[in-house]
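Structure at a glance
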Amino acid sequence: MTGPELLVLWDIDNTLISARGFGKLMYREAFLTAFGRELNGPVDLGGRTELDVIAEILRQHGIEHTDEASQLLANALANSFESNRADLPGHSEVLPGALKALEHFADDPRVHQGVLTANLPSVARIKLEAFGLAHLVDWDVSAFGDDHADRAELVTFARERARHIRPFTDDEVVLIGDTPHDVHAAVTAGVRLVAVATGRSSGEDLRRAGATAVLDDLSDLGELIRQVWSDAAQGNRTA
Ligand SMILES: [Mg+2]
């Protein structure tokens, strides 16, 4: 194929779906299963990778951060999501415009879309399967919260996995996400970003973090398409 092609990498939580505290519930159940005691204190999940969140939880509870302890909690978390997957739709919703946006890009042969998410792979799948979205993304060009603790590093994983399609240039990789963590990942990795203010961060927060393309949500498909393709050749990086 001639001309630009894009690798579009979607954040999941508060970008495609809103899970309203379900993740925290699952963490509480998983921690109890893994360590036989209650999880104390708030869990701040927003935009942070699963490895990062797990490390903090272990530290907060005085549990030595070994690979075994981390894996124990990660496995328990995946099991919690699996056994409670039927409850997910009742606790969450697809955000406005997300389905149409995913369908549009899935139909465009110039676009290869995956997820770049803080979630574990199995949890990411459960979340998108719950809403019939899982078939619209290419799971083989995606990156997950157990690839690396630093979200910016996830971009490298996704690009490597997409190399069999082509070596996407910086301007051909577009993250879509809702938090300053997404912005930071794009800035650090040197790729483009379209921010959506559908999470806890306002458009102003996202701009302050360095986002130049900020949408209120995904409901204006035409505007989303413009931003995703914007200057794909010349570069329209985050500031
Ligand atoms: Mg998010």
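If you're wondering where the values come from, they're calculated on a predicted model, not measured in any experiment.

A look at the sheet that holds strand E6 (residues 192-196)
As a general point, the strands of a sheet are linked pairwise by backbone hydrogen bonds and lie either parallel or antiparallel. Reading across the sheet, the five strands line up as E4-E1-E5-E6-E7 and stay open at both edges, with parallel pairing between neighbours. Only two strands of the sheet have a single neighbouring strand rather than two, namely strand E4 (111-115) and strand E7 (214-215). Sheet analysis places strand E5 (residues 173-177) next to E6, joined by four bridges and oriented parallel. Looking at the pairing, glycine 177 lines up with alanine 195 of E6.

Focus on the pattern of salt bridges
This structure, assessed with the given rule, holds 15 salt bridges. Measuring nitrogen to oxygen at the nearest pair gives 4.0 Å for the salt bridge that ties arginine 163 to glutamate 160. For glutamate 160, a relative accessible area of 48% puts it in the partly exposed group. Three or more residues are tied together by salt bridges with common partners; here these are Glu5, Arg166 and Glu172.

A word on the layout of surface pockets
Its volume calculated, the largest pocket comes out at about 570 Å³. If one sorts the elements of the lining of the largest pocket by residue count, helix H1 (residues 22-35) sits on top with four residues. Each of two domains, domain 1 (6-18 + 94-229) and domain 2 (22-88), supplies a minimum of three residues to the lining of the largest pocket. Approximately 220 Å³ is the volume attributed to the second largest pocket. In terms of residues, the lining of the second largest pocket owes the most to one element, helix H3 (residues 67-83), which gives six residues. Of the residues assigned to the lining of the second largest pocket, the class counts are six nonpolar, five polar and two charged. For the lining of the second largest pocket, the two domains that each supply at least three residues are domain 1 (6-18 + 94-229) and domain 2 (22-88).

As for the coordination of the magnesium ion
The magnesium ion binds to the protein through Asp11 (OD), Asp13 (O) and Asp178 (OD), with metal-donor distances spanning 2.1 to 2.2 Å. Between the donor residues of the magnesium ion, the gaps in sequence give the motif D-x1-D-x164-D. Within this pair, whereas aspartate 11 is found in the loop between strand E1 (6-10) and strand E2 (17-18), its partner aspartate 178 is found in the loop between E5 and helix H8 (180-189), the two being separated by 167 residues in sequence. Summarising the burial analysis for this pair, aspartate 11 and aspartate 178 share the class buried.

Thoughts on the nonpolar core
If you look at the biggest cluster of nonpolar residues, it comprises 31 residues, and the most contacted ones within it are Trp10, Leu128, Leu224 and Val228. Listing elements by their share of this core, those giving two or more residues are E1, helix H5 (98-107), E4, helix H6 (121-130), E5, E6 and helix H10 (221-229). Among the elements that make up this core, the one with the highest residue count is H5 (four residues). The residues touching leucine 224, leaving out its near neighbours within four places in the chain, are Trp10, Ala101, Phe105, Ile176, Val194, Leu215 and Leu218. Grouped together as the second largest cluster of nonpolar side chains are 25 residues, Phe22, Tyr27, Val53 and Ala76 included.

Remarks on the pairing of E4
Counting buried positions along E4 yields five of five residues, so the element is predominantly enclosed. The alternating pattern of E4 places Val111, Gln113 and Val115 and His112 and Gly114 on opposite faces, both of which are buried.

So, the side chain of arginine 151
For arginine 151, the position within the fold is in helix H7 (residues 151-161). Residue classification places arginine 151 among the buried residues on the basis of a relative accessible area of 4%. Of the polar contacts made by the side chain of arginine 151, one reaches the side chain of aspartate 182; its length is 2.9 Å. For arginine 151, the contacting residues outside a window of four places in its chain are Asp11, Gly47, Thr49, Leu116, Thr117, Ala118, His181, Asp182 and Ala185.

A few points about H1
The terminal C-alpha atoms of H1, which comprises 14 residues, lie 20 Å apart, in line with the 20 Å expected from a rise of 1.5 Å per residue. Looking only at H1, the buried set comprises Phe22, Gly23, Met26, Tyr27, Ala30, Phe31 and Ala34. Axial view of H1: buried residues confined to an arc of 165°, hence all on one face. Those residues of H1 hidden inside the fold are in contact with helix H2 (50-60), H3 and helix H4 (88-91).

Regarding the domain arrangement of the chain
Under the domain assignment used here, the chain contains domain 1 (6-18 + 94-229) and domain 2 (22-88). Relative placement of domain 1 and domain 2: their C-alpha centres are 24 Å apart. Residue-level contacts link 21 residues of domain 1 with 15 residues of domain 2. When domain 1 packs against domain 2, close to 1400 Å² is buried across both sides, 66% of that on carbon and sulfur atoms. Summed over the three residues of domain 1 that lose the most area to domain 2, namely Leu120, Ile126 and Ala149, the buried surface amounts to 34% of that side. Applying the counting criterion to the domain 1 and domain 2 interface returns one salt bridge. Across the contact surface, domain 1 and domain 2 share four residue pairs in polar contact (both at pLDDT 80 or more). For the side of domain 1 that touches domain 2, the elements supplying multiple residues, two or more each, are H6 and H7.

The rules behind each value
Residues numbered from 1 in each chain as written. Predicted model: local features only at pLDDT ≥ 70, side-chain atom pairs only at ≥ 80, totals over all residues. Heavy atoms only, no water. Pairing = 2+ DSSP bridges. Helix = DSSP H or I, 4+ residues; strand = E, 2+ residues; numbered from the N terminus. Salt bridge = Lys/Arg side-chain N within 4 Å of Asp/Glu carboxyl O. Buried < 20%, exposed > 50% of the residue type's maximum accessible area, 1.4 Å probe, protein only. 1 Å grid on protein atoms, 1.4 Å probe; cavity = no way out; pocket = protein on both sides within 12 Å on 5 of 7 lines; lining within 4 Å. Points joined across faces, edges and corners; volume = space filled by probe spheres on them. Domains from an automatic or database assignment. Nonpolar A, V, L, I, M, F, W, Y, C, P; charged D, E, K, R; others polar. Donors = N, O, S within 2.8 Å, 3.2 Å for Na, K, Ca; no water. Core = buried A, V, L, I, M, F, W, Y, C linked by side-chain atoms within 4.5 Å. Contact = heavy atoms within 4.5 Å. Polar contact = N/O pair within 3.5 Å; in protein donor to acceptor, adjacent residues only side chain to side chain. Expected span 1.5 Å × (residues − 1). Arc of directions from axis to C-beta. Buried area = accessible area lost by both parts, 1.4 Å probe.

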